[in-house]
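Given next are the chains, with one letter for each unit.
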Amino acid sequence: PFNHLAGGHYPRALAGWKLVGITRFNTGFPVALTESDDRSLLGTGGTNSKTVDTPNFLGGNLNIANPRSGNTYFNTAVFGKETLGYLGDANRAFFHGPGINNWDMSLQKDLRLTESKRLEFRAEFFNIFNHAQFQNPSGNFSSGSFGLVTGANDPRIGQIALKFFY
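Residues numbered from 1 in each chain as written. Predicted model: local features only at pLDDT ≥ 70, side-chain atom pairs only at ≥ 80, totals over all residues. Heavy atoms only, no water.

K.L.:
How would you summarise the pattern of salt bridges if you had to cite specific residues and measurements?
P.N.:
One pass over the structure, following the stated rule, counts 5 salt bridges. Glu120 is paired through a salt bridge with Arg122; the nearest N and O atoms lie 3.9 Å apart. Exposure remark for Glu120: the relative accessible area of 8% places this residue in the buried category. Glu124 is paired through a salt bridge with Arg122; the nearest N and O atoms lie 3.3 Å apart. One salt-bridge network, held together by shared partners, links Lys18, Asp110 and Arg118. (Salt bridge = Lys/Arg side-chain N within 4 Å of Asp/Glu carboxyl O. Buried < 20%, exposed > 50% of the residue type's maximum accessible area, 1.4 Å probe, protein only.)

Here it is in structure tokens:
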């Protein structure tokens, strides 16, 4: 933006600046509902990835909540144990977890040293506004953390770099 100041005559320190950004908004990933106690008697229980058991959906409103509240992310009372010998009737992934609101920015400066040599300065920030990026809640009905969001992605990260081109 400084290149056009003073009718095109500007100090060398004001030339070559760039502000670059990437913004991402999206819904979260689907919450995978499972029940690891093998009440279906199919022999697929446990904590392995082959679990096919899901809880029963008892009906009602999920009441998705703010993950910052410390309470469950969704209403866990709308789910119950599957009937012994039968698979549960809840869809495996019919709602999603917390979404992402992320801003990455970079401030760059190119400095020409000679005709063939230049220096590039970069200051890069990932999640520059330090917005909490929560992970999915636990969807394992048999777990004590069912419905709880227990983690978050990285907070703001910054890095600087100096690169010499020849």
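K.L.:
So, the packing of aromatic side chains: which residues are in play, and what are the values?
P.N.:
Under the criterion given, the structure shown has 12 aromatic pairs. Seen from their ring centres, Phe57 and Phe94 are 5.6 Å apart, and the 75° between their planes marks the pair as edge-to-face. Of the two residues, Phe57 is situated in strand 2 (residues 56-57) and Phe94 in the loop between strand 3 (79-80) and strand 4 (100-112); the sequence distance between them amounts to 37 residues. On the basis of relative accessibility, which here comes to 30%, the residue Phe57 falls in the partly exposed class. Residue Phe94 is classed as partly exposed on the basis of its relative accessible area of 33%. Ring geometry for Phe94 and Phe95: centres 5.2 Å apart, planes at 75°, overall edge-to-face. (Phe/Tyr/Trp six-rings, centres within 6.5 Å; stacked < 30°, edge-to-face > 60°. Helix = DSSP H or I, 4+ residues; strand = E, 2+ residues; numbered from the N terminus.)

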